[in-house]
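# Geometric and topological summary
Read off the chains here:
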Amino acid sequence: TTVYVPNGKTTSHDDFQRKLEWFDALNEHMAASQPVDRQAILCGDFNIVPAPIDSWNETMLNGAIFHTDEERSRLGLLELFQKYTQSQLSLCPR
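All of these numbers come straight from a predicted model, not from anything done at the bench.

The subject of this paragraph is the overall build of the chain. Looking only at helices and strands, one finds 4 helices and 2 strands in the chain. Listing the helices and strands of the chain from first to last along the sequence gives β-α-β-α-α-α. Summarising the internal contacts of the chain: among those between residues at least 6 apart in sequence, 62% fall at separations of at least 24. On the chain, roughly 6,400 Å² of surface is accessible, and the fraction owed to carbon and sulfur atoms is 55%.

Take the pattern of salt bridges next. Going through the model one piece at a time under the given rule, you end up with 5 salt bridges. With a closest N to O distance of 2.3 Å, Lys 9 and Asp 15 form a salt bridge. Looking at Lys 9, the relative accessible area reads 47%, which means it is partly exposed. Its relative accessible area of 17% is what places Asp 15 among the buried residues. Put simply, Asp 24 and Arg 74 hold a salt bridge, and the shortest N to O gap is 2.9 Å. Of this pair, Asp 24 sits in helix α1 (residues 14-33) while Arg 74 is found in helix α3 (residues 69-77), placing the two residues 50 residues apart along the sequence. Accessibility expressed as a relative area gives 18% for Arg 74, which makes it buried.

With that settled, consider the environment of Asn 27. Looking at where Asn 27 falls in the secondary structure, it is placed in helix α1. The class for Asn 27 is buried, based on a relative accessible area of 14%. Taking the C-alpha atoms as reference points, Asn 27 and Leu 75, 48 residues apart in sequence, are found 8.5 Å from one another. There is a polar contact of 3.3 Å between the side chain of Asn 27 and the backbone oxygen of Arg 74.

Right, let's get into the nonpolar core. Counting 9 residues, the largest nonpolar core is built from Val 3, Val 5, Phe 23, Leu 26, Met 30, Leu 42, Phe 46, Ile 48 and Leu 75. Of all the elements, α1 adds the most residues to this core, at 3 residues.

Within the element layout of this structure, His 67 appears in the loop between α2 (58-61) and α3. Taking the relative accessible area as the measure of exposure, His 67 reaches 5% and is therefore buried. Looking at His 67, its side chain comes within polar contact range of the main-chain oxygen of Ile 65, at 3.1 Å. When neighbours within four sequence positions are excluded, His 67 is seen to be in contact with Val 49, Ser 55, Glu 58, Leu 61, Asn 62 and Arg 72.

Analysis parameters
- Residues numbered from 1 in each chain as written.
- Predicted model: local features only at pLDDT ≥ 70, side-chain atom pairs only at ≥ 80, totals over all residues.
- Heavy atoms only, no water.
- Helix = DSSP H or I, 4+ residues; strand = E, 2+ residues; numbered from the N terminus.
- Contact = heavy atoms within 4.5 Å.
- Areas by Shrake-Rupley, 256 points an atom, 1.4 Å probe, with all protein chains shown as cover.
- Salt bridge = Lys/Arg side-chain N within 4 Å of Asp/Glu carboxyl O.
- Buried < 20%, exposed > 50% of the residue type's maximum accessible area, 1.4 Å probe, protein only.
- Polar contact = N/O pair within 3.5 Å; in protein donor to acceptor, adjacent residues only side chain to side chain.
- Core = buried A, V, L, I, M, F, W, Y, C linked by side-chain atoms within 4.5 Å.

What follows is the structure, encoded as structure tokens:
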């Protein structure tokens, strides 16, 4: 499955809340449609910096669009993303 997550523009823009709602809907969809015994790949443009180490300047950008706890927590809810992150870290330790 390939997705394009809405950008959100800025954390104060109405589209940011829509982005969070979109992630909620994606989580619900994946939980309902993906059997736990079947592997899947979820890829695309998530419009999130997944972890502070992935940012070129987390200190400056923490809390800005792509760098919020709200976005990261929703991305972390995706079990498939968690599995990807675990496999990525085993191949490329930070």
